[in-house]
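Take a look at the letters that make up each chain.
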Amino acid sequence: MENFVLYAHHIDITNRNTYPAQIIVENGFIKSISPTEKPCEQYILPGFIDAHIHIESSMLVPSEFARIAVQHGTVATVSDPHEIANVCGIKGIEFMLQNAKKVPFKFFFGAPSCVPATLFESAGATIDSEAVYSLLKRDDIYYLSEMMNYPGVLFNDEEVLKKIEFAKQVNKPIDGHAPGLMGDKAIQYIQAGISTDHECYTAEEALHKLKHGMHILIREGSAAKNMEALIPLLAEHPHQMMFCCDDKHPDELVLHHINFHVKKALEKKINLYDILQAACINPVLHYKLPVGLLKIGDPADFILINNPSEFKIEATYINGIETYRNGKSAIPYIEEQAINNFSCDKKSISDFQLSAQNKTECTIRVIEAIDTQLITQTHIQKGKIENGYIVSDTENDILKIVVVNRYKNEKVAIGFIKNFNLKKGAIGSTIAHDSHNIIVVGTDDESICQAVNTLIENQGGIVVVSTETNILPMPIAGIMSNKKAEDVAEGYSTLDKKAKELGCQLKSPFMTLSFMALLVIPQLKLSDKGLFDGEKFQFVNLISE
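Bear in mind the structure is a predicted one, so any value in this text is a computation, not a measurement.

1. Section: the overall build of the chain
- When its secondary structure is counted, the chain shows 15 helices and 29 strands.
- Since a compact globule built from 545 residues should have a radius of gyration of about 24 Å, the 24 Å found for the chain is in line with a globular shape.
- For the C-alpha atoms alone, the extent of the chain along its principal axes is close to 85 × 50 × 45 Å.
- Evaluated residue by residue, the chain yields a buried proportion of 66% over its 545 residues.

If you want it as structure tokens, here you go:
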């Protein structure tokens, strides 16, 4: 390992001071930092940390994610592997851990707390409390990942409480996930030992949780964007807030990562040191991560930028190894063998037909998708009936949505959704949080059937059906590619463009689609078992009486 000396303006976040410094690195650690009178052109600071992300949502394996992330100054991630765990169980978590170890990047994985996320959907695996305990005892598992089953916490579910207790026994943090939870219920959830939440979408909610001791993560991902609402709170709570993406699709990852949060916060005139406290320091302290904070004796994990106004990343170092400089990542591309869990037969058009049950009129519950948010609303609408079937109504933007169990042959779940605005064809994916069944929105049963069968043929991917069928395969668990990030990003961007050519006006159609089966996010969602009310936490009828 090389020893070297750097001269740069040291952005000392802890002491809130910037000064010209000589930094000596020996054997991957910071040996000394001292003021200097030598000329300094660049600025040096600790590397960025994504405080909550699902690597799988980048559609890349960890090693390939790392190859791109270092270009944006990221040196570490707090990574929840529950996406692949819901498909492949412990085997999937092992896949992520082993691949991550092949590159000089600091991945910190958690033990998934909710596999499956709820009992109201079909996942590919189950990880019970004893399996969670076995994971938590490992040195390469750093925390209990997001406790999405907040009703289980509030109603003292035995399995849920065991998982929380096991995390406490091994003294590892417990991540939260409780969108919209307020008042006494939020306090009860926090007092159970849950220390973070990345799902706040209003300042009022975040402030309530901050005041009761929670750490709040400001999320700015590909689908959910909460910085606008939450960033004003950073000035008053700089030691309780962090930055995260949660989900970052490949087309955006090649452009930016946590550096985007930093730049956006600077544009909002937030104090530089407060911003960097959230971006660099707080995740290390909260999760007890072995990541350097640019102090003597620390691992040499840092970045060099041109200046604090532009924040152009010029170099990234991890353990003293230069992983990126001036447009070139030093992390190699590693091709991985696929693992998967896919077992269902092709479908027929009749599987997607929905009988009107001899009615000439009906009123239906419609999922109302909200652009850049994971939450939805319930929209009551008159259903369109043709030839005895309830069908998509493109004139009123009421489209059929289906979820197909990909782990075994079961009846197709059918619902309707608003705000996708497709005028023809269908779009679909096997990236459908959190069980990752097949999810498709379309204007007609033929297109929907074609999209579903194409995904089955390819054992996973994202697809657009119009006059022709285009698919980006995802051979790893149906949710990740084993190709280079640039190729995946290009393929994804092509399909994103094709979806918008069909009329979709959502910023990220496939990202939004991927959350329409996520039952733990209110209000109305569709699992492979039926239409689900996330506030009442129960199934509801499609036809509203």
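Read on for the rest.
2. Concerning the nonpolar core
- Within the largest apolar cluster, 188 residues are counted, with the highest numbers of intra-cluster contacts made by Phe48, Tyr189, Phe243, Leu276 and Phe420.
- For this core, the leading source of residues is helix 12 (residues 272–287), giving 10 residues.
- Not counting chain neighbours up to four residues away, the residues in contact with Phe420 comprise Ala369, Asp397, Leu399, Ile427, Val441, Gly503, Cys504, Gln505, Leu506, Pro509, Thr512 and Leu513.
- By size, the runner-up hydrophobic cluster in this structure holds 16 residues, among which are Ile30, Ile44, Ala300 and Phe302.

3. A short note on the pattern of salt bridges
- Scanning all chains against the criterion turns up 27 salt bridges.
- With a shortest N-O distance of 2.9 Å, Asp140 and Arg138 are connected by a salt bridge.
- The exposure class assigned to Arg138 is partly exposed, which follows from its relative accessible area of 24%.
- When the shortest N-O distance is used, the salt bridge between Asp246 and Arg219 registers 2.8 Å. Of this pair, Asp246 sits in the loop between strand 12 (241–244) and helix 10 (250–253) while Arg219 is found in strand 11 (residues 215–219), placing the two residues 27 residues apart along the sequence.
- Among the ionic contacts, a cluster of salt bridges with common partners joins Glu94, Lys101, Arg138 and Asp140.

4. A look at helix 3 (residues 90–100)
- Buried within helix 3 we find Gly92, Ile93, Phe95, Met96, Leu97, Asn99 and Ala100.
- Those residues of helix 3 that are buried are in contact with helix 1 (62–69), helix 2 (82–88), strand 7 (106–111), helix 4 (129–136) and strand 8 (141–147).

5. Quick notes on the sheet that holds strand 27 (residues 524–527)
- With respect to topology, three strands assemble into an open sheet ordered 27-28-29, the strand pairing being antiparallel. If you trace the sheet from one side to the other, it starts and ends with strand 27 and strand 29 (538–539), each paired once.
- Across two bridges, strand 28 (residues 530–533) lies against strand 29 in antiparallel orientation. Pairing of Phe532 across the sheet is with Phe539, part of strand 29.

6. Observations concerning unusual backbone geometry
- The linkage connecting Val115 with the following residue, Pro116, adopts the cis geometry, with an omega of 0°.
- Here Pro116 shows up in the loop between strand 7 and helix 4.
- Residue Gln523 follows Pro522 across a cis peptide bond; omega there is 10°.
- Mapped onto the elements, Gln523 comes out in the loop between helix 15 (509–514) and strand 27.
- Its identity as a non-glycine residue notwithstanding, Asn27 has a phi of 55°, on the positive side.
- Relative to the helices and strands, Asn27 resides in the loop between strand 2 (17–26) and strand 3 (29–35).

7. Here's the deal with the state of the cysteines
- Across all of its chains, the model carries zero disulfides by this definition.
- No disulfide involves Cys344; its sulfur sits 12 Å from the nearest other cysteine sulfur, which is in Cys449.
- A relative accessible area of 11% places Cys344 in the buried class.

8. Re a negative patch on the surface
- Among the surface-exposed residues, Asp128, Glu130, Asp157 and Glu159 lie close enough to one another that they form a single negatively charged patch.
- With respect to the element layout, Glu159 can be found in helix 6 (residues 158–169).

Cut-offs used in this document
Residues numbered from 1 in each chain as written. Predicted model: local features only at pLDDT ≥ 70, side-chain atom pairs only at ≥ 80, totals over all residues. Heavy atoms only, no water. Helix = DSSP H or I, 4+ residues; strand = E, 2+ residues; numbered from the N terminus. Rg over C-alpha atoms; globule rule 2.2 N^0.38 Å. Buried < 20%, exposed > 50% of the residue type's maximum accessible area, 1.4 Å probe, protein only. Core = buried A, V, L, I, M, F, W, Y, C linked by side-chain atoms within 4.5 Å. Contact = heavy atoms within 4.5 Å. Salt bridge = Lys/Arg side-chain N within 4 Å of Asp/Glu carboxyl O. Pairing = 2+ DSSP bridges. Disulfide = S-S within 2.5 Å. Patch = residues over 30% accessible without salt bridge, like charges linked within 9 Å, V, L, I, M, F, W, Y side chains within 5 Å. Areas by Shrake-Rupley, 256 points an atom, 1.4 Å probe, with all protein chains shown as cover. Lys, Arg positive; Asp, Glu negative; His and termini not counted. Charge placed at Lys NZ, Arg CZ, Asp CG, Glu CD.

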